[in-house]
Amino acid sequence: MSSSNELHGWLLDIYPDPAQGVILWLLDEDGIRRHRLHQPFPTAFYVHGDNGSLRTLWRYLKSLSLPVQLSRVEQQDLFKEQPLPVLEVLTETPCAQEQLFHHLKTSFPDLTYYNADIPLALRYAAQTHTFPLARCRVLATDGGEIEALETLDTPWMIDTPPVPLLVMVLTPDCNPDHKEPVELKVYLEGKHYLFPFKEERGLLIKLRALLRRYDPDLLLTVWGDKWLITKLHQLMEKHQITLPLSREQGRGVERREERFYHSYGRVIYRGPQARLFGRIHISTENTVMYHDYGLEGVFEMARVTSLRIQTAARVSPGTGISSMQILTALRQGVLVPWHKQQVERFKTAYSLLQADRGGLVYQPTIGLHSQVAEIDFISMYPSIMEHFNVSPETVGKGGANGTFVPELEMTIDQDHRGLVPDTLQPLLEKRIKLKQALAGMNPKDARYLPYKAQSSAHKWLLVTCFGYLGYKNARFGRIEAHEAVTAYGREALLRAKEAAEDLGYRVLHMYVDGLWVQKEGASKVADFQPLLEEILDRTGLPISLDGIYQWIAFLSSRPDPRVPVANRYFGLFQNGTWKVRGIEVRRDDTSRWVKNIQLEMLNLLADAPDAGKLVEQLPRIHTLLQTRLAALREQKVPLVDLLISQKLSRTLGEYKVLSPAARAAAQLEEIGKHLIPGQRVRFLYTRGKPGVYAWDLPERPDPGAININRYAELLCRAAFTILQPLGVEEQTLRWWMFTNAGYGAPPGFLPDSCSQEIPLLGDLFSPAPHLPPIIL
Amino acid sequence: MGRTVSSITQTFLKERAAFARFRRALRSSDQRVLDDLFASARKHLSAASYASHALPFETFLLSMLLEEHKEIIRLRQEVAEIRHVIQQ
């Protein structure tokens, strides 16, 4: 009989194995050893249907002579009052379960399947409370079979000690979309290596030596999913040298194809994927929001969702939140449907009119405003779900303590805690704890960046959670729950508005979960505290002061200056930071050159001591624009700064009129570089036809071919966005930019509002913006 | 985008488009005034959305009236101020 060993360490990876059940990789707390552990893991799924069909299925399964155990049991369906009689199919391993289910769903498509397509990591987490990078205590035999496993921490702690992961960074020396990389750069343990791709054998041998010697836990690659791993594979086949990319011997790389899908009217591109076994592969270009939160955020996503780190890095937050809900269901013993089954309840036309709406979005008071506070409900929709127990199975049910949803003829059961609020509660609590910790923290504090990354990962999960209530394919979705949340949201925002007006504040703008208010004499945090308390009192939802703007400009629509736009503004907080929405600098399809100049303009404005002195910065802005335009004309702007990057919205054949992006994609198509919808194409505007030059063509374009006028026009637009609220008219700006006129603008072109202290727009009296004269 | 009820902005644009023939037959000076009226209705789309009235155009008309009345109040105040200055 073999003896037991007690191991302490962090859980690195988990995946199914056809023979051994489940494989776990543990990073020992000594930071040196890695343990490959295994455990038998019988896996069950459930089938529901009428008695006759289930009997047929039973006989069929018996006839297959597979090692499965069948039994009739009762399990709880989330949406049913009574337990549901189901057939339990217990297989020996997760792999066997997956294969059997795959077979049955085509052979018996009319039956209802539960717990059938759940990732192993979630099943295992439900039983053992493990999660990626969890500290564990394991009792294992000499042969590595797990006898007992205990998880020593939870994903909800905010101070987790860092895990001593050994990271190997692999990056080609240039973007393979652009041209064939020449060298592979490798960073490891503070050293870096350069391996030329042309010495193919040498590269493989050296890389293999590094992998064997250091045995890194994590391969962090750039263009890894998309290019590098495929390239290495080609070389491996050519030279018959195998790189131990996966830590598990004999297991290669798990590949998934690229794809695209439509989401809320946008085309989303998902690149191909390459996942490893026992070693983590993260490819930065394919990691959702890597640029937002980095590795720390990826780890946090994995911790809170319990998905494998490699999976968590590559899935959308929607899959993340859905996984969390599945985990809650498994732990509560609730069946997880394979497909969504809840259809919309019957509604009258009137109640549909009432219910089928989103959050309240106001039209802001156009113009420049000083000393404005922005107050936001903290994670409004998730807070509503948590606070009012909004969940697919609680809406529309009365119960003794049922509550009424405002506006809608609907009640919510308060006697039973809903699955969605139960899932959200620890996440919301952690987020609020992090927010509070961050509020008073010095940005130089070592915890600052990890906290920020974690908070950012949570934000996306929480944002998506609401959408998933109404998403047509969400397993635990129900449109009525979605409607209840927006109804509570509208009510809360209106109560906040009423509270503000009752306390003498002026409401300049409201946007779903935030409002912008102003009050004579109010300019400090303490001046807005009574309002926060009043709103909390009236709504029951947590609210915070996002900041106080020294001044903020709400912009009008570009085609019609009389029409305000909800989400186009820029404002300078008292602490000197900017909040900018909807203008060129925030847009992905703006060239770096234009973005930089717009930022420079903002920085010049930031030098003004107060809103009333902003116009004094105009001469400096005039000089700036002239200088930058001169540089453009003299071809002194690096081409890379002029790059425009746009997404392809459809395949080339589907375009009726080719957009500039499509024309650039067509150029790439000609040289065999095929792009699919959702992918970005980078190009320059050039003179003559076809008017664009794709950046990823092998040759650099002639700088003389750049369409100077086009870029000047783009700059003019971006400059006008910033200057319009200061009262500068487009014609004036054009004079400044495109003629040799000095700053001394001709009389009449600088409207009076420009010289006023602040063109304050009252609640009631909005002065007509400069309209053409009306002849009656 | 999966909406059953069209958004208030879509409704507004549809209602405005329904008057395209009316607008076309107006003198160009009148067309501009009509455009002003529609622009003023647009300022209260969020309230119109919240109201979710079965006949949204009534809400748009009321929004136009509201803006008109605001203008009257503003002009009255201006007249009063000018009168005050003249009397001094």
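Remember, it's a predicted structure, so these values are computed and weren't measured experimentally. (Residues numbered from 1 in each chain as written. Chains lettered and ligands numbered in written order. Predicted model: local features only at pLDDT ≥ 70, side-chain atom pairs only at ≥ 80, totals over all residues.)

(A) Molecular detail of the overall build of chain A. Along chain A, the regular secondary structure elements total 19 helices and 29 strands. Relative to the 2.2 N^0.38 estimate, which gives 28 Å for 776 residues, the radius of gyration of chain A is 30 Å and therefore close to what a compact globule would have. Counting only C-alpha atoms and orienting by the principal axes, one finds that chain A spans roughly 95 × 75 × 55 Å. Residue pairs at least 24 apart in sequence account for 63% of intrachain contacts in chain A once pairs closer than 6 positions are excluded. (Helix = DSSP H or I, 4+ residues; strand = E, 2+ residues; numbered from the N terminus. Rg over C-alpha atoms; globule rule 2.2 N^0.38 Å. Contact = placed C-beta atoms within 7 Å.)

(B) Structural context of the overall build of chain B. A count of helices and strands for chain B gives five helices and zero strands. Ordered by position in the sequence, the α and β elements of chain B form the string α-α-α-α-α. Against the 2.2 N^0.38 benchmark of 12 Å for 88 residues, chain B shows a C-alpha radius of gyration of 17 Å, more extended than a compact globule. The C-alpha extent of chain B, read off along each of the three principal axes, is 65 × 35 × 20 Å.

(C) Broad picture of the nonpolar core. Counting 192 residues, the largest nonpolar core has A:Leu26, A:Val390, A:Ala484, A:Val485 and A:Phe683 as its most contacted members. A total of ten residues in this core trace back to one element, the largest contributor, which is helix 13 (residues 479–502) of chain A. Among all residues touching A:Phe683, those that are not within four sequence positions of it are A:Ile644, A:Pro660, A:Ala661, A:Ala664, A:Val692, A:Tyr693, A:Ala694 and A:Trp695. Grouped together as the second largest cluster of nonpolar side chains are seven residues, B:Phe12, B:Phe38, B:Ala41 and B:Phe60 included. (Core = buried A, V, L, I, M, F, W, Y, C linked by C-beta atoms within 7 Å. Buried ≥ 20, exposed ≤ 12 C-beta atoms within 10 Å, placed from the backbone.)

(D) View of the domain arrangement of chain A. By the assigned domains, chain A splits into domain 1 (167–214 + 218–278), domain 2 (353–582) and domain 3 (617–754). Put simply, the middle of domain 1 of chain A and the middle of domain 2 of chain A, counted by C-alpha atoms, are 42 Å apart. (Domains from an automatic or database assignment.)

(E) Region of the structure containing the sheet that holds strand 2 (residues 21–28) of chain A. Residue and element names in this part refer to chain A. Ordered in space as 3-2-1-8-9, the five strands form an open sheet in which the pairing is antiparallel. For this open sheet the edge positions go to strand 3 (34–39) and strand 9 (146–151), each flanked by a neighbour on one side alone. For this sheet, the mean angle separating the axes of adjacent strands, direction not counted, is 40 degrees. Across seven bridges, the pairing between strand 1 (residues 4–17) and strand 8 (residues 135–141) is antiparallel. Paired with Gly 9 across the bridge in strand 8 is Cys 136. (Pairing = 2+ DSSP bridges. Axes fitted to C-alpha atoms, helices over the stretch in contact; angles between N-to-C directions.)

(F) Geometry of the sheet that holds strand 27 (residues 644–647) of chain A. All names here are of chain A. As summarised here, the arrangement of the three strands in space is 27-28-29, forming an open sheet in which the pairing is antiparallel. Across the chains shown, the open sheet's two edge strands, defined by having one partner strand only, are strand 27 and strand 29 (692–694). The sheet shows a mean angle of 40 degrees between the axes of neighbouring strands, taken without regard to direction. Direction of pairing for strand 28 (residues 680–685) relative to strand 29: antiparallel, over a ladder of three bridges. Bridge pairing in strand 29 links Tyr 685 to Val 692. Contacts between helix 17 (residues 660–670) and the sheet are confined to strand 27, strand 28 and strand 29, with strand 28 contributing the most and set at about 100 degrees to the helix.

(G) Seen up close, helix 2 (residues 94–107) of chain A. Residues and elements named next belong to chain A. Compared with an ideal rise of 1.5 Å per residue, which puts 14 residues at 20 Å, helix 2 spans 20 Å between its outermost C-alpha atoms and is within 8% of the ideal. Turning to helix 2, its buried residues number three or more, namely Pro 94, Cys 95 and Gln 97. The buried side chains of helix 2 occupy one side of the element, clustering within an arc of 160 degrees when seen end-on. In helix 2, the exposed positions angled more than 90 degrees off the buried face are occupied by His 103, Thr 106 and Ser 107. Where helix 2 is buried, its residues meet strand 1, strand 2, strand 4 (43–48), strand 6 (84–91) and helix 3 (120–128). (Expected span 1.5 Å × (residues − 1). Arc of directions from axis to C-beta.)

(H) Seen up close, the packing of helix 6 (residues 290–305) of chain A against helix 12 (residues 448–470) of chain A. All names here are of chain A. At their nearest, the axes of helix 6 and helix 12 sit 8 Å apart, and the two run at 60 degrees to each other. With respect to helix 12, the axis of helix 6 lies oblique. Seen along the crossing, helix 6 lies across helix 12 with a hand that is right-handed. In this structure, helix 6 contributes Asp 292, Tyr 293, Gly 294, Glu 296, Gly 297, Glu 300, Met 301 and Val 304 to the contact, and helix 12 contributes Pro 450, Ala 453, Gln 454, Ser 456, Ala 457 and Leu 461. Here the residues of the contact of helix 6 with helix 12 sort into seven nonpolar, four polar and three charged. (Parallel < 35°, antiparallel > 145°, perpendicular 65-115°, else oblique. Left-handed = near helix turned anticlockwise from the far one by under 90°. Nonpolar A, V, L, I, M, F, W, Y, C, P; charged D, E, K, R; others polar.)

(I) Structural detail: the environment of A:Tyr711. Residue and element names in this part refer to chain A. Note that Tyr 711 resides in helix 18 (residues 708–723). By the C-beta count within 10 Å, which is 22 here, Tyr 711 ends up buried. Separated by 517 residues in the primary sequence, Tyr 711 and Leu 194 place their C-alpha atoms 39 Å from one another. Sequence-distant contacts of Tyr 711, defined by excluding residues within four places in its chain, comprise Leu 632, Leu 642 and Tyr 685.

(J) Spotlight on unusual backbone geometry. Residues and elements named next belong to chain A. Here the residue pair Lys 689 and Pro 690 is connected by a cis peptide bond, since its omega of 0 degrees sits within 30 degrees of zero. In this model, Glu 189 sits at a positive phi of 50 degrees, which is unusual for a non-glycine residue. Secondary-structure assignment places Glu 189 in the loop between strand 11 (183–188) and strand 12 (191–196). One non-glycine residue, Gln 371, lies in the positive phi region at around 50 degrees.

(K) Examining the packing of helix 6 of chain A against helix 8 (residues 317–332) of chain A more closely. Residues and elements named next belong to chain A. Close contact between helix 6 and helix 8 brings their axes to 9 Å; oriented N to C, the two are set at 30 degrees. Overall, the two elements helix 6 and helix 8 adopt an arrangement that is roughly parallel. Facing Met 301, Val 304 and Thr 305 of helix 6, the residues of helix 8 in contact are Gly 320, Ser 323 and Met 324. Here the contact of helix 6 with helix 8 is built from residues that sort into three nonpolar, three polar and no charged.

(L) Here's a closer look at the pairing of strand 23 (residues 514–518) of chain A. Residues and elements named next belong to chain A. Within strand 23, four of the five residues are buried, which leaves the element mostly enclosed by the surrounding structure. As judged from the five bridges shared by strand 22 (residues 506–511) and strand 23, these two strands associate in the antiparallel manner. Along strand 23, the bridge assignment pairs Val 507 with Val 517. Connecting strand 22 to the antiparallel partner strand 23 that follows it, the hairpin turn spans two residues, and Val 512 within it adopts a positive phi of roughly 55 degrees.

(M) Seen up close, the environment of A:Leu715. With respect to the helices, strands and loops of the structure, A:Leu715 is situated in helix 18. Judged by the 21 C-beta atoms lying within 10 Å of it, A:Leu715 falls in the buried class.

(N) Local environment of helix 11 (residues 419–439) of chain A. Residues and elements named next belong to chain A. Here helix 11 spans 31 Å end to end across 21 residues, near enough to the 30 Å set by a 1.5 Å rise per residue. Along its length, helix 11 shows its largest kink, about 35 degrees, at Gln 425, and proline Pro 426 lies within four residues downstream of that point. Burial in helix 11 covers these residues: Leu 419, Val 420, Pro 421, Thr 423, Leu 424, Leu 427, Leu 428, Lys 430, Arg 431 and Leu 434. (Bend = angle between axes of the 7 residues up to and from the residue.)

(O) Expanded view of the environment of B:Ser49. Here B:Ser49 shows up in helix 4 (residues 45–51). Among the residues examined, B:Ser49 registers 23 C-beta atoms within 10 Å and is labelled buried. Residues B:Ser49 and B:Thr59, ten residues apart in the sequence, show an inter-C-alpha distance of 9.3 Å. Apart from the residues lying within four places of it in its own chain, the contact partners of B:Ser49 are A:Arg357 and B:Ile8.

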